[in-house]
Amino acid sequence: FNRSKIERESISLGQVIAVSSAGMGVRFDLGPFKEPSTRVGRKFMKVRDGEEVVEVEKLDCKAKAPILAVASQHGRVLLCKANEIGLLSGPGRGVIVLSIASADRLLAARILQKSDDQLIVLKQDGTKITISSRKYQSVSRGGKGHTLFKRGILKGIQPLKIDLPAKPTTENIK
């Protein structure tokens, strides 16, 4: 059974980008994950021993030009267009997003859907560093990116603040 391109796109539940600690990235469609899976589950990305998936984030279909921002532990940052990450139909290692040294690892990633979105990383001494498309220029994927600092390392990211709607009460229902 061969579906047309229009039919395949209408079934789509959206696309997701995943990034590994080795600096590799994949973009995939959520459609195949709609069906119940086996006991083992479904794979979306292949990682080697010692690697892990750092970030998995859904692309906003309304965003005009989403940008993927990634940061390494030793202070390298790269911003590239999200559509530069290859779309895979099955699990794979993906493409190189940020070229990093063997002693370094990717620590943080975020899709900047709007111009005011930002990725906030924390240095070892607690200093917050803001990464945004306004501050750093978007370049092609696969390079070394920009240098954030000369001394120290990154220890983590600042969690996103999520505003949840207020819990409905009997007073709000009236």
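Caption draft 1: Quick peek at the sheet that holds strand E12 (residues 154-157). The three strands are arranged E10-E9-E12 in an open sheet whose pairing can be described as antiparallel. Looking along the sheet, the strands with just one partner apiece sit at the ends: strand E10 (128-132) and E12. On average, each strand axis in the sheet is tilted by 35° relative to the strand beside it, whichever way the strands run. Summarising the sheet, strand E9 (residues 118-123) and E10 pair through five bridges and their orientation is antiparallel. Pairing of leucine 122 across the sheet is with lysine 128, part of E10.

Caption draft 2: A look at the side chain of aspartate 117. With respect to the helices, strands and loops of the structure, aspartate 117 is situated in the loop between strand E8 (106-112) and E9. With no salt bridge to any partner, buried aspartate 117 finds its closest opposite charge in arginine 110, at an N-O distance of 4.3 Å. Within the local environment of aspartate 117, its side chain forms a polar contact with the backbone nitrogen of glutamine 113, the two atoms lying 3.0 Å apart. A polar side-chain atom of aspartate 117 sits 3.1 Å from the main-chain amide nitrogen of lysine 114. Ignoring any residue separated from it by four or fewer positions in sequence, one finds aspartate 117 in contact with Arg110, Ile111, Leu112 and Ser132.

Caption draft 3: View of the packing of aromatic side chains. Evaluated as defined, the whole model comprises zero aromatic pairs. Lying over the aromatic face of phenylalanine 149, lysine 123 brings its terminal NZ or CZ to 4.5 Å of the ring centre.

Caption draft 4: Structural view of the pattern of salt bridges. In the structure shown here, the tally under the stated rule is two salt bridges. Residue glutamate 51 is joined to arginine 93 by a salt bridge in which the shortest nitrogen-to-oxygen separation is 3.0 Å. Of the two residues, glutamate 51 is situated in the loop between strand E2 (24-29) and strand E3 (53-58) and arginine 93 in the loop between strand E6 (87-88) and strand E7 (95-96); the sequence distance between them amounts to 42 residues. Classification of glutamate 51 by relative accessible area gives buried; the value is 19%. Take arginine 93: its relative accessible area is 22%, and that puts it in the partly exposed class. A salt bridge links arginine 105 to glutamate 52, with the nearest nitrogen and oxygen atoms 2.6 Å apart. Of this pair, arginine 105 sits in the loop between E7 and E8 while glutamate 52 is found in the loop between E2 and E3, placing the two residues 53 residues apart along the sequence.

Caption draft 5: Representation of the nonpolar core within the structure. Grouped together as the largest cluster of nonpolar side chains are 16 residues, with contacts concentrated most on Leu79, Val121, Ile131, Leu148 and Leu154. Among the elements of the structure, strand E4 (67-72), strand E5 (76-81), E8, E9 and E10 are those that each provide at least two residues to this core. Setting aside chain neighbours within four positions, we find isoleucine 131 in contact with Ala69, Ala71, Val77, Leu79, Gln118, Leu119, Val121, Tyr136 and Leu148. By size, the runner-up hydrophobic cluster in this structure holds 15 residues, among which are Val70, Ile85, Ile100 and Ala109.

Caption draft 6: Structural detail: the side chain of serine 21. Within the secondary structure layout, serine 21 lies in the loop between strand E1 (15-20) and E2. Of the residues examined, serine 21 reaches a relative accessible area of 5% and is grouped as buried. Ignoring sequence-local partners within four residues, the contact set of serine 21 consists of Gly50, Glu51, Glu52, Val54, Ile100, Arg105 and Leu106.

Caption draft 7: Expanded view of a nonpolar patch on the surface. Residues Val47, Val53 and Val56 make up a contiguous nonpolar surface patch of roughly 200 Å² in combined accessible area. Within the element layout of this structure, valine 47 appears in the loop between E2 and E3.

The rules behind these values
- Residue numbers here run from 1 along each chain, matching the order of that chain's written sequence.
- Side-chain atom pairs in this predicted model are given and counted only at pLDDT of 80 or more, local residue features only at pLDDT of at least 70, and totals for whole chains, interfaces and linings cover all residues.
- Excluded from the side-chain calculations are hydrogens and water; all other atoms, namely the structure's heavy atoms, are used.
- Note on pairing: two strands pair once DSSP finds at least 2 bridges between them.
- Numbering of helices and strands starts at the N terminus; helices are DSSP runs of H or I of at least 4 residues and strands are runs of E of at least 2.
- Helix axes are fitted to C-alpha atoms over the stretch in contact, other axes to C-alpha atoms as well, and angles between N-to-C directions run from 0 to 180 degrees.
- When accessible area is computed with a 1.4 Å probe and restricted to protein chains, residues below 20% of their type maximum are described as buried, those above 50% as exposed, and intermediate ones as partly exposed.
- His residues and chain termini do not enter the charge count, which takes Lys and Arg as positive and Asp and Glu as negative.
- Salt bridge criterion: a side-chain nitrogen from Lys or Arg within 4 Å of a carboxyl oxygen from Asp or Glu.
- Any pair of nitrogen or oxygen atoms within 3.5 Å is treated as a polar contact; in protein, a donor-acceptor pairing is required on top of that, and neighbouring residues in sequence qualify only through side-chain atoms on both sides.
- The criterion used for residue contact is that any of the two residues' heavy atoms lie within 4.5 Å.
- Pairing of aromatic side chains requires ring centres within 6.5 Å, counting the rings of Phe and Tyr and the six-membered ring of Trp. Pairs whose planes differ by under 30 degrees are stacked, by over 60 edge-to-face, and all others tilted.
- For a ring to carry a charge above it, either NZ of a lysine or CZ of an arginine must fall within 6 Å of the ring centroid while also lying within 35 degrees of the normal to the ring plane.
- By nonpolar core is meant a set of buried Ala, Val, Leu, Ile, Met, Phe, Trp, Tyr and Cys residues that side-chain atoms within 4.5 Å join together.
- Only residues above 30% relative accessible area that lack a salt bridge enter a patch, with like-charged residues linked at up to 9 Å and the nonpolar side chains Val, Leu, Ile, Met, Phe, Trp and Tyr linked at up to 5 Å.
- Computed with the Shrake-Rupley method and a 1.4 Å probe, the accessible areas treat only the protein chains shown as cover for residues.

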